[in-house]
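Per-entry structural report
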Amino acid sequence: MSNQTLSHTFHIPVMGLGYTVDTPIKVAKYGISSVVSIMDDHLLEDMRKIYSKKYVREFIPIPDSEDDYRAKRITAYLDLTQSLVDEQFKKLINEDWKSNIEFRKYLELLPDKSTVASLFSRLATASSTEHLQLKESIKSQLTIGSIDVNIMTKVDKINIDKSGYELPREYSDALSALRGFAKSKVKGSVVFSAGMNPALYGYAAQFSEFYPDQNGEISKGIILKVSDYRSALIQGKFLAKKGLWVSEFRIESGLNCGGHAFATDGFLIGPILEEFKTKRKELYQSLYQTCQNSLISNNLNNLKESHTFKVTYQGGLGTATEDSFIRKYFELEGTGWGSPFLLVPEATSVDEETLDRLHKAKKSDFFLSHASPLGVPFNNLQTSSGEAQRRERIEKNRPGSPCYKKFLSNNTEFTENPICTASRQYQILKTKQFEDGEIEVDELEKVKEKDCLCEGLSAPAILSAGETPRRNLTAVTICPGPNLAYFKGTFSLKEMADHIYGKFSLTTDAERPHVFVKELQLYASYLKKEFETKITEKVAKKEAYLEKFRSNLIEGVSYYQELICSVQLDSEEILQKMKEQFSKIKSEIELSSKSVEASLT
């Protein structure tokens, strides 16, 4: 991807399978970048059919019987998306600007001090010659938002053919998704999340789209979503040794985010961002040199010295002040705003019933659950229709879900072929284990918390388009971060953009803690539960683990206490409140660790 001046300082991260599946079609024409999950080819095929009908495009289905159907469906949907966005953008910049509502909207969504807005304000008084020059200058600076795709590296099931034989490795879920993206016409990057997958990263080396052309430009970029600097360095070097350049590191809070929550060992986002800030040049030079050496040794085109290298942050941001401070102090190129956009129908696909449930939800309804079959904590909503369905099935003595898509089938405890822990088959087998006295009730209850994310996270996109999901599976699972509890209502795209840029505020809850405080609260609560779990399980290395976690949290609090004394984070009132909150939580962590030490001796 070439260096380009982006219109906005924020992007919309991937949310579930369906919540941002068509977000680029809605916002890319305004210069807003977003991320589409390409893990569910069934959903992408359904959405291609819906949008082909809406925009009067030919739709030729790609059946399961077709060779490499998964990758082909992904390519077809991405090609349609890029085509629609290009068409929208061409219309936006070429029609008469005075009467062009979409062009005006583009300008209104921009930050107040944007170059484009400044140039446009001069048009009214410009001479005819200058008017033409200004118009061309404006056109050159209007950009389409990047259409990025997400591949969750842990979702990489090996597939089988109709005869029951394993297909070659390149037909696994993640590798076929990457192939579908690489072969598409979409202009964007692939975002790898959930850790390193050597097979997937090695497979990326087979596609010329990820390598520099004769001008040193890369047509499709690679973005890594990481939780800390060490992860960025390890994964970045692995790719660089193959001549693959990482154009952006997206740092995400371990717990203060939506979807799956990959908790760090007590490392807080402030110190993590500080390390990136301090070691950024070192990281760039190390990866650049490694990547360049690999390209040279393989007789491939070289990178440009000024090639794109960005660091951004996402997770729990709720005010313009937080956004501005994090970008400027930690010298970041941008931020990701996820969960709040679930309340913006112009940007995401949330069905009306689920929107209503979000509006009525209390803070206590947002919780960290065991719903994910991946075994990773999962942000959830107590009042979602998906949760209601899960509980209803348990009450009817039919726990678990029918398993049609099988994306998360990874358990071989009872079967030769992997099955999903949220499936009815697995949960019935687990219930029998309990009835036979082989497992405790706590283990069974945790298993029954598993839910079908494949259907629940894809249904809202179909429902919000006015259609019915396949097999009439309409229960919705939604995965907002805890930050969404402080946003109430349904908002326009302009209202959310204005909120992010500080033109006015959509959050009025005075009790909302600062993003740094909220993350600390989440980690302190997580640590407390870990204390209780480790005492119960009597894990051999529990003392070292708990001490490391506690120590990292205490160091993080000390970092924040020094930070708020040296820089202007927010208003004096908020700063004073933060000081009190940090001090209180620090004392609670120290006190809880002492009580655990007493329990362990």
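Below you will find a few notes about this structure.

Right, let's talk about the packing of aromatic side chains for a bit. Under the definition given, this model contains 28 aromatic pairs. Seen from their ring centres, F10 and F341 are 5.8 Å apart, and the 20° between their planes marks the pair as stacked. Taken together, the residues F10 in strand 1 (residues 10–12) and F341 in the loop between strand 8 (334–336) and helix 12 (352–360) connect sequence positions 331 residues apart. With respect to burial, F10 and F341 carry one shared label: buried. Their ring planes at 15° and their centres at 5.2 Å tell us that Y560 and F582 sit as a pair that is stacked. Of this pair, Y560 sits in helix 20 (residues 542–566) while F582 sits in helix 21 (residues 572–600), and the two are 22 residues apart along the sequence. On the basis of relative accessibility, which here comes to 0%, the residue F582 falls in the buried class.

If you look at the biggest cluster of nonpolar residues, it comprises 164 residues, and the most contacted ones within it are F341 and F516. Discounting chain neighbours no more than four positions away, the residues touching F341 are F10, I12, M15, A347, T348, L493, M496 and I500.

A few words now on the sheet that holds strand 5 (residues 221–226). Around the barrel, which closes on itself, the 8 strands sit in the order 1-2-3-4-5-6-7-8 with parallel pairing between neighbours. Adjacent strand axes in the sheet meet at a mean angle of 30° when their direction is disregarded. Contacts from helix 9 (residues 229–240) reach strand 5 and strand 6 (246–252), with the element oriented near 155° to strand 5.

Our next topic: empty space enclosed by the protein. Scanning the entire structure with this criterion turns up 6 cavities of 30 Å³ or more. Taken as a whole, the largest cavity spans an internal volume of roughly 130 Å³. Contributing to the lining of the largest cavity are 13 residues, with Q389, R393, C452, E455 and G456 lying nearest its centre. Listed by contribution, the elements that provide at least two residues to the lining of the largest cavity are helix 13 (385–395) and helix 16 (453–456). When residues in the lining of the largest cavity are grouped by element, the largest group, 3 residues, is from helix 13. Grouping the constituent residues of the lining of the largest cavity by class yields 4 nonpolar, 6 polar and 3 charged.

This part is about the side chain of S401. For S401, the position within the fold is in the loop between helix 13 and helix 14 (424–435). Within polar-contact distance, the side chain of S401 engages the side chain of R393 at 2.9 Å. S401 has contacts with R393, A422, S423, R424, D451 and C452, leaving out every residue within four places of it along the chain.

The subject of this paragraph is the packing of helix 3 (residues 69–94) against helix 7 (residues 173–182). Where helix 3 meets helix 7, the closest approach of the two axes is 7 Å, and the angle between their N-to-C directions is 35°. Regarding helix 3 and helix 7, the two cross each other, and that crossing is right-handed. Residues R70, A71, I74, T75 and L78 of helix 3 touch helix 7, and the partners they reach there are D173, S176, A177, R179, G180 and F181. When the residues that make up the contact of helix 3 with helix 7 are grouped by side-chain class, the tally is 5 nonpolar, 3 polar and 3 charged.

With that settled, consider the pattern of salt bridges. Summed over the entire model, instances satisfying the criterion amount to 42 salt bridges. As a salt-bridge pair, D173 and K157 come within 2.8 Å of each other at their nearest N and O atoms. With D173 in helix 7 and K157 in the loop between strand 3 (147–152) and helix 7, this residue pair connects regions lying 16 residues apart in the sequence. Here the two residues D173 and K157 agree in accessibility, since each one is buried. Linked through salt bridges whose partners overlap, the residues forming this network are D41, D64, R70, R73, K157 and D173.

Okay, the pairing of strand 3 next. Successive residues of a regular strand alternate their side chains across the two faces of the sheet. Of all 6 residues in strand 3, 6 are buried; the element is thus mostly enclosed. Burial of strand 3 is two-sided: the residues I147, V149 and I151 facing one way and the residues D148, N150 and M152 facing the other way are all buried. Bridge count between strand 2 (residues 33–37) and strand 3: 4 bridges; the pairing is parallel. Residue pairing in the sheet places V35 in a bridge with D148 of strand 3.

By secondary structure assignment, the location of Q427 is in helix 14. Along the backbone, Q427 and L444 are 17 residues apart, and their C-alpha atoms lie at a distance of 8.4 Å. Excluding residues that lie within four positions of it along the chain, Q427 makes contacts with P399, G400, T421, A422, V447, K448 and K450. Here the side chain of Q427 touches G400 through a polar contact of 3.3 Å, landing on its backbone nitrogen.

What follows is about the pairing of strand 5. Of all 6 residues in strand 5, 6 are buried, a share of seventy percent or more. Residues of strand 5 alternate between two faces, with G221, I223 and K225 on one and I222, L224 and V226 on the opposite face, all of them buried. Across 4 bridges, the pairing between strand 4 (residues 189–193) and strand 5 is parallel. Of the residues in strand 5, the one forming a bridge with V191 is I223. Taken together, strand 4, helix 8 (residues 198–204) and strand 5 form a β-α-β motif whose crossover is right-handed. Relative to strand 6, strand 5 runs parallel, the two sharing 5 bridges. Bridge pairing links K225 to R250 in strand 6. Running through helix 9, the crossover from strand 5 to the neighbouring parallel element strand 6 is right-handed.

What counts as what
- Residues numbered from 1 in each chain as written.
- Predicted model: local features only at pLDDT ≥ 70, side-chain atom pairs only at ≥ 80, totals over all residues.
- Heavy atoms only, no water.
- Phe/Tyr/Trp six-rings, centres within 6.5 Å; stacked < 30°, edge-to-face > 60°.
- Helix = DSSP H or I, 4+ residues; strand = E, 2+ residues; numbered from the N terminus.
- Buried < 20%, exposed > 50% of the residue type's maximum accessible area, 1.4 Å probe, protein only.
- Core = buried A, V, L, I, M, F, W, Y, C linked by side-chain atoms within 4.5 Å.
- Contact = heavy atoms within 4.5 Å.
- Pairing = 2+ DSSP bridges.
- Axes fitted to C-alpha atoms, helices over the stretch in contact; angles between N-to-C directions.
- 1 Å grid on protein atoms, 1.4 Å probe; cavity = no way out; pocket = protein on both sides within 12 Å on 5 of 7 lines; lining within 4 Å.
- Points joined across faces, edges and corners; volume = space filled by probe spheres on them.
- Nonpolar A, V, L, I, M, F, W, Y, C, P; charged D, E, K, R; others polar.
- Polar contact = N/O pair within 3.5 Å; in protein donor to acceptor, adjacent residues only side chain to side chain.
- Left-handed = near helix turned anticlockwise from the far one by under 90°.
- Salt bridge = Lys/Arg side-chain N within 4 Å of Asp/Glu carboxyl O.
- Right-handed = clockwise from strand over helix to strand, strands pointing away.

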